[in-house]
Every structure is written in structure tokens, then in C-alpha cells.
Amino acid sequence: MKPSLEQISKVYEFKSFHFLKLEIEAFPHLWHYHPEIELTYIKKGRGIRYIGDQIESFEEGDLVLLGENLPHTWATQGEQDTALQCGLVFQFPLNLFHYFPELSYLVNFLKEAEKGFHFPNPSQAILQLIEGFELLNPTQQLITLIELIDKLSKEGKTVISTSLVHDYNQIHRETSRINRIKGYLHENFDKKIELAYIAQMVPMSPTYFSAWFKKSTGHSLITYVNKLRVEQACRWLLSTDWDIAEIAYKVGFHQVAHFNRVFKKEKNMAPTTFREKHPKNP
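Here we summarise the structure given alongside this text.

About the criteria used
Residues numbered from 1 in each chain as written. Predicted model: local features only at pLDDT ≥ 70, side-chain atom pairs only at ≥ 80, totals over all residues. Heavy atoms only, no water. Helix = DSSP H or I, 4+ residues; strand = E, 2+ residues; numbered from the N terminus. Buried < 20%, exposed > 50% of the residue type's maximum accessible area, 1.4 Å probe, protein only. Contact = heavy atoms within 4.5 Å. Phe/Tyr/Trp six-rings, centres within 6.5 Å; stacked < 30°, edge-to-face > 60°. Lys NZ or Arg CZ within 6 Å of the ring centre and 35° of its normal. Polar contact = N/O pair within 3.5 Å; in protein donor to acceptor, adjacent residues only side chain to side chain. Expected span 1.5 Å × (residues − 1). Salt bridge = Lys/Arg side-chain N within 4 Å of Asp/Glu carboxyl O.

What follows covers the environment of leucine 148. Within the secondary structure layout, leucine 148 lies in helix α4 (residues 138-153). Among the residues examined, leucine 148 registers a relative accessible area of 0% and is labelled buried. Placed 20 residues apart in sequence, leucine 148 and glutamine 128 show a C-alpha to C-alpha distance of 9.8 Å. Excluding anything up to four places from it in sequence, leucine 148 contacts Leu39, Phe90, Ile126, Leu129 and Ile130.

This is the structure:
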């Protein structure tokens, strides 16, 4: 898919990195990319995380490192525990670490993050550095940022995206169209999705739209929608006592057997097994 380019370079006239504490009612669906490395920590909120060609749920405590020009967005979805969502975001150019030969190993680590790293169980030391960052003076922040990346390089992690989605030849022309489609699907995946209706939104013929959408996202329209449905189902499996059939219908499946097949394909296990293997969230 074709994300928009986020321009944040002006901040480097005064600082060598950018730190943002984002507090907002809901994280908007804004598919974008930038040449800076980004570390994002979700302090409060839950929803769907889109990175490269991957669509996954995120919860409070989500910690992700993104390499250069990796398309991404976090979008609030579902029931929330607080009125405001909160994310702590660090953005910096890779060449910040080029200035110091002693940090060459971190340059290699950041280059390896080209498909994104998720840190499922960050240490308390890492979380303390992140949450205390805004209280530091600029010099302390720079030192802490280097320390933070050093600790992350030694932390357990998983690769997020399965492929690179860096074809930007038509970015500016395609941005509004792909965001219109993705925004609609993000809000309406639980409803009946009709190819002809979606194609008219662009507008394109259904046949051309199908080819365009798959080339842009790496997924067919139905596969993309099913991924969204399964991620919402996962949250309800862990946060409610609803039976499988009720959850299947709520996320947009009309047949429980079909839901079970799709869920197993996405998660490599049945919904009942998923619920048994994961602790229930309050």
C-alpha cells in the first residue's frame, strides 16, 4: 500500500532526535512512513497495528522499533479503559549513531530493524528509561536514547513484517485513495464487504481494484478484511466470556465453521485453543 511521507526533519535544527508524548482520544488511522528510525511505546490504548504487510492487535505496553521508511500506523479500535490514549514516540536519523565508531554495532542493529522489531517482554530497566525520558534535560535525553537502543539490541524480539513494502514511486498520487479504503475497512470490517462498493470508492472497476489492492497491500481484499476480523476476535476471546459463535458473528462471519478455518489459518490454532493458551485480560 502507498503510505504518505511524514516530514519531521526540521526538528534536527535544534535537536538530533525527536521525542513525542502523544495523548489523544484515539490514535487515527494514518498510514505513513519516514526516513527516521522510530521507537514507539503504547502506554495506554488498544487497537490494530499496521506495519509493512502485517496486521496485528496491540495492547497497553506494545513496544516496537521501526527501521527506515517502513510504513506503519497504530489505530485505536474496540473498548478502551481510559479516555485518552497515550503513546511515547522516539524518532531519529540513523546517522546519529554514525558519528561514533564505538556505536557501529548499534548501526547494524538499527539496519536489521528494516522489517520492524516487536519486543513482547521488555525489561523493567527499558521501561523505566522510556517512561522517565520526558523528565530529563536534552543532554541526559541523548545519553539515555543511546543507552535505550543499546539495551534493546540485547532484548528478546520478533520480526514484524514478512516483506518490505517500499515501492514509493506513486506515493503522493495514491495516498488519499489507499487511506480512504483502509480507513473504511478499519471501521467496517464487521459488516458485509462488497467488492463493487469498495471499488467505487476509489473509483476503479472491481477487477482492476482487486489487482491494485493486492499489489499495494500484499493481500487480497478478503484476506485483508479477515485479518482485521481475526484480530478483533482475539481481543474478545481474551477479554470476554462470549462463546465462539457469538464472537464469530460479531466480527462479521456468518458461519462459525468458516470463522474457525480462517482463525486457524491466521493463528495456527483454533479459537478455543487460543483462549486456553492465553491469560484473560480484564
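There's plenty left to go through after this.
Taken as a whole and judged by the stated rule, the model has 16 aromatic pairs. Ring plane angle 65° and centroid distance 5.2 Å describe the contact between tryptophan 236 and tryptophan 242, whose orientation is recorded as edge-to-face. For tryptophan 236, a relative accessible area of 12% gives the class buried. Site record: aromatic cluster; members linked through ring pairs are Tyr50, Phe209, Trp212, Phe213 and Tyr224. Its guanidinium or amino end placed over the ring of tyrosine 50, lysine 182 lies 4.1 Å from that ring's centre, counting from NZ or CZ. Directly above the aromatic system of phenylalanine 253 lies the positively charged group of arginine 229, at a separation of 5.5 Å from the ring centroid.

Before going further, it helps to examine unusual backbone geometry. At the junction of valine 202 and proline 203, the peptide bond is cis and its omega measures out at 0° in the coordinates. Position of proline 203 relative to the elements: it lies in the loop between α6 (195-200) and α7 (206-217). The phi dihedral of asparagine 69 is positive, around 60°, even though this residue is not glycine. Tracing the backbone shows asparagine 69 in the loop between β7 (63-66) and β8 (72-76). By relative accessible area, which is 23% here, asparagine 69 ends up partly exposed. Positive phi, close to 60°, is recorded for asparagine 268, a residue that is not glycine. Within the secondary structure, asparagine 268 is located in the loop between α10 (256-267) and α11 (271-277). A relative accessible area of 68% means that asparagine 268 is categorised as exposed.

What follows concerns the side chain of histidine 72. Relative to the helices and strands, histidine 72 is located in strand β8. A polar contact is formed between the side chain of histidine 72 and the backbone oxygen of leucine 70, at a distance of 2.8 Å.

Turning our eyes to something else, we now look at α10. Between the first and last C-alpha of α10 there are 16 Å, a value that for twelve residues agrees with the 16 Å anticipated at 1.5 Å per step. In this fold, the buried residues of α10 make contact with α8 (221-239), α9 (244-250) and α11. Among the residues trailing α10, asparagine 268 stands out with phi positive, at a value near 60°.

Okay, the side chain of threonine 144 next. Turning to its location among the elements, threonine 144 is positioned in helix α4. Other than its neighbours up to four places away in sequence, threonine 144 contacts Leu129, Phe133 and Leu136.

Below, the discussion takes up the pattern of salt bridges. Here the structure, examined in full by the defined rule, presents ten salt bridges. With a closest N to O distance of 3.8 Å, glutamate 194 and lysine 192 form a salt bridge. A residue is classified by how much of its surface remains accessible, and lysine 192, at 64% relative accessible area, is exposed. One network of salt bridges, in which partners are shared, links Arg46, Glu59 and Asp81.

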